[in-house]
Amino acid sequence: MYDQAVKAFLRVLEYAPDLHDGYFFLGKIAAERKDFKSAIEMFEKTLAINPDFLPAEKELKMSKMLAGFRVVHA
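This structure is a prediction, so every number in the text was calculated from the model and none was measured. (Residues numbered from 1 in each chain as written. Predicted model: local features only at pLDDT ≥ 70, side-chain atom pairs only at ≥ 80, totals over all residues. Heavy atoms only, no water.)

A.B. asks: If you had to explain the packing of aromatic side chains to someone new, which residues and values would you point to?
C.D. replies: Applying the stated criterion across every chain, the model contains 4 aromatic pairs. Residues F24 and F43 carry aromatic rings whose centres are separated by 5.8 Å and whose planes lie at 50° to one another, so their mutual orientation is tilted. One end of the pair, F24, is in helix α2 (residues 20–32); the other, F43, is in helix α3 (residues 36–49), with 19 residues separating them in the sequence. Given a relative accessible area of 0%, F43 falls into the buried group. Following the ring pairs from residue to residue traces out a cluster consisting of F9, F24, F25, F43 and F53. (Phe/Tyr/Trp six-rings, centres within 6.5 Å; stacked < 30°, edge-to-face > 60°. Helix = DSSP H or I, 4+ residues; strand = E, 2+ residues; numbered from the N terminus. Buried < 20%, exposed > 50% of the residue type's maximum accessible area, 1.4 Å probe, protein only.)

Shown next, in the form of structure tokens:
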């Protein structure tokens, strides 16, 4: 079902490229698939649109940690 969800979110983002939720959920799917490089990219796009969206910040840190990046807690 992830493939269908990805297609749906990508279609939504074609029409609403500033919808941070679309990128956030694409990041969640990528992280679930253990594609942390893509997850990080999607969470960064989410935060570029909405810097105050704390769930994306949390998921970004978690994805970076799981990908082997050193995460500094602020």
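That shown, we press on.
A.B. asks: Outline the side chain of S63, supporting the account with residue identities and numerical values.
C.D. replies: The topology assignment puts S63 in helix α4 (residues 54–67). If we skip the residues at most four places from it in the chain, S63 touches A31, F36, A39, I40 and F43. (Contact = heavy atoms within 4.5 Å.)

A.B. asks: Which residues make up the nonpolar core, and what are the values?
C.D. replies: Core analysis: the biggest nonpolar cluster contains 11 residues, these being F24, A30, A31, F36, A39, I40, F43, L47, F53, A56 and L60. For this core, the secondary structure elements donating two or more residues are α2, α3 and α4. Here this core takes 5 residues from α3, the largest share from any one element. (Core = buried A, V, L, I, M, F, W, Y, C linked by side-chain atoms within 4.5 Å.)

A.B. asks: Lay out the environment of Q4 in plain terms, naming residues and giving numbers.
C.D. replies: Within the secondary structure, Q4 is located in helix α1 (residues 2–15). Counting along the chain gives 65 residues from Q4 to F69, while the straight-line C-alpha distance between them is 30 Å.

A.B. asks: Can you break down the pattern of salt bridges residue by residue, with the values?
C.D. replies: Scanning all chains against the criterion turns up 5 salt bridges. For D3, the salt bridge is made with R33, and the minimal N-O distance between the two is 2.4 Å. Here D3 is found in helix α1, whereas its partner R33 is found in the loop between α2 and α3, with 30 residues between them in sequence. Residue R33 is classed as partly exposed on the basis of its relative accessible area, which comes to 42%. Taking the shortest distance from any N to any O, the salt bridge between K61 and E57 comes out at 3.7 Å. Placement of both K61 and E57 in helix α4 is noted, with a separation of 4 residues, approximately one turn of the helix. Take K61: its relative accessible area is 28%, and that puts it in the partly exposed class. (Salt bridge = Lys/Arg side-chain N within 4 Å of Asp/Glu carboxyl O.)

Remember, this is a structural readout, not a statement about activity or role.
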